[in-house]
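Reading the structure
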Amino acid sequence: MNEKYIPVVVIKELGETDKILTALRNNGITCAEITFRTACAKEAIAYAVKNYPDMTIGAGTVINKAQCAEALEAGATFIVSPGLSVGVAELCREKKIPYYPGCVTPTEIMQALELGITTVKFFPAGVYGGLSAMKALSAPFPQIRFIPTGGVDRSNIDEYLAFDKVEAIGGSFFVKEALEKQAQK
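All values derive from a computational prediction rather than experimental measurement. (Residues numbered from 1 in each chain as written. Predicted model: local features only at pLDDT ≥ 70, side-chain atom pairs only at ≥ 80, totals over all residues. Heavy atoms only, no water.)

1. Re helix 3 (residues 65–74)
Residues of helix 3 that are buried: Q67, C68, A71, L72 and A74. Take helix 3 and look down its axis: the buried residues cluster within an arc of 160°, on one side only. Counted as exposed and oriented over 90 degrees from the buried face of helix 3: A66 and E73. Where the residues of helix 3 are buried, they touch helix 2 (41–51), strand 3 (56–60), strand 4 (79–80) and helix 4 (86–95). The first or second residue beyond helix 3 is G75, which carries a positive phi of 110°. (Buried < 20%, exposed > 50% of the residue type's maximum accessible area, 1.4 Å probe, protein only. Helix = DSSP H or I, 4+ residues; strand = E, 2+ residues; numbered from the N terminus. Arc of directions from axis to C-beta. Contact = heavy atoms within 4.5 Å.)

Listed below in structure tokens is the structure:
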């Protein structure tokens with residue numbers, strides 16, 4: 001992934017898509033992980049892919065192969081899960097789409113490696129030891145890169161980004177910040 005910031009975007013109504021993605025883009029962020037937590041997620045991803053071609057649009061909170069297939073059909077260019085799904089991993093590998101599963105234990109990381117995955121979402125980072133845990137896990141797994149999400153914010157983002165094993169930072173706080181800045185204009 002070329003992006004350092006991956007906003008976790010929850011779109012409850014399709015009409016929110018423009019407001020959120022425009023705010024992110026105006027804030028210099030060209031990536032969005034649209035979560036599969038809402039009824040309009042598939043439509044929001046398809047809309048975003050069509051109307052924001054300059055942005056990298058992925059699907060988040062993908063918890064099974066069926067959701068993954070829907071997200072890919074909508075045009076998602078990467079998939080993120082809160083945990084690791086073998087079915088999702090296999091479909092993404094088949095379609096040559098990056099998959100970032102949530103992995104916080106050595107066992108989960110070993111399973112990801114067996115599936116050919118070397119970048120994992122570390123979620124929820126704040127609950128599972130944050131930066132110190134990722135540093136500890138990097139010793140036995142030097143090939144792994146992390147996308148910490150959950151518990152990362154402006155107070156600690158620089159510490160996370162300074163760690164060379166951090167691929168990117170995920171978080172919903174990017175959306176909140178962008179919308180607040182947009183409202184001030």
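2. So, the pattern of salt bridges
As enumerated under the stated definition, the model contains five salt bridges in all. In this structure, the salt-bridge partner of K42 is E73, at a minimum N-O distance of 2.7 Å. One end of the pair, K42, is in helix 2; the other, E73, is in helix 3, and 31 residues separate them in sequence. What makes K42 partly exposed here is its relative accessible area of 23%. In this structure, E177 and R154 form a salt bridge, with 2.8 Å as the shortest nitrogen-oxygen distance. In this pair, E177 is assigned in helix 8 (residues 173–184) and R154 in the loop between strand 7 (145–148) and helix 7 (157–162), connecting sequence segments 23 residues apart. Judged by relative accessible area, E177 falls into the buried class, the value being 17%. For R154, a relative accessible area of 44% puts it in the partly exposed group. (Salt bridge = Lys/Arg side-chain N within 4 Å of Asp/Glu carboxyl O.)

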